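Fold and contact review
Below are the chains, spelled out letter by letter.
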Amino acid sequence: MQLCNVCADQTPKYRCPACKIRYCSLGCYKRHKDTCLPVKQLAPTEAKDAFNTEPWSVEDLLHEDDVTDKVPLQRLQLLGQSKELRDLLCNPHLRQLLQSIDSADTKDDAMRAAMQEPLFVEFSDQCLQIVENEAKSLTTNDW
């Protein structure tokens, strides 16, 4: 489990937009901002190298309000085991759509545009079906 980079007491919920360190509260952010050293923007070729080597977690991609929609890692791993998803990912158009979303500056706009493509909707529906069906089976097995 990660700890706040400022106080080292709590689980961090936030990430500094300038230097990317993780912190847990407004108080820690206020203490941090006076000593913040912004990370330089990488050139496109450097960014590819950093993408392959820099570890990230699901929390890095979520904002505070998004935590309720977080899918547990166990269910996300089921996506990698799905033959249906692998078959869909053989389509070069779908792979291009996913790459364009991943590299977009405004992910929300890119997602809205992709949702107009039937192939992407099929892919999204399949992903949801896999994680939601697993969620239902987990809750029914808990009884």
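These numbers were taken from a predicted model, which means no experiment stands behind them. (Residues numbered from 1 in each chain as written. Predicted model: local features only at pLDDT ≥ 70, side-chain atom pairs only at ≥ 80, totals over all residues. Heavy atoms only, no water.)

Applying the stated criterion across every chain yields a total of three aromatic pairs. Taken together, the aromatic side chains of Tyr14, Tyr23 and Tyr29 make up a single cluster linked through ring pairs. (Phe/Tyr/Trp six-rings, centres within 6.5 Å; stacked < 30°, edge-to-face > 60°.)

As a further point, take the pattern of salt bridges. Enumeration according to the criterion identifies two salt bridges in this entry. Of the charged contacts, one joins arginine 112 and aspartate 109 as a salt bridge, the two residues approaching to 3.2 Å between their closest N and O atoms. Of this pair, arginine 112 and aspartate 109 both sit in helix α7 (residues 107-114), separated by three residues, roughly a single helical turn. According to the relative accessible area criterion, arginine 112 is exposed, its value standing at 52%. (Salt bridge = Lys/Arg side-chain N within 4 Å of Asp/Glu carboxyl O. Helix = DSSP H or I, 4+ residues; strand = E, 2+ residues; numbered from the N terminus. Buried < 20%, exposed > 50% of the residue type's maximum accessible area, 1.4 Å probe, protein only.)

Attention now moves to the packing of helix α6 (residues 92-103) against α7. Viewed as axis vectors pointing N to C, α6 and α7 meet at an angle of 160 degrees, and their least axial separation amounts to 8 Å. With respect to α7, the element α6 is oriented roughly antiparallel. Seen from above, α6 lies across α7 with right-handed handedness. In this structure, α6 uses Ile101, Asp102 and Ser103 to contact α7, whose residues at the interface are Lys107, Ala110, Met111 and Ala114. Classifying every residue of the contact of α6 with α7 by side-chain character gives four nonpolar, one polar and two charged. (Axes fitted to C-alpha atoms, helices over the stretch in contact; angles between N-to-C directions. Parallel < 35°, antiparallel > 145°, perpendicular 65-115°, else oblique. Left-handed = near helix turned anticlockwise from the far one by under 90°. Contact = heavy atoms within 4.5 Å. Nonpolar A, V, L, I, M, F, W, Y, C, P; charged D, E, K, R; others polar.)

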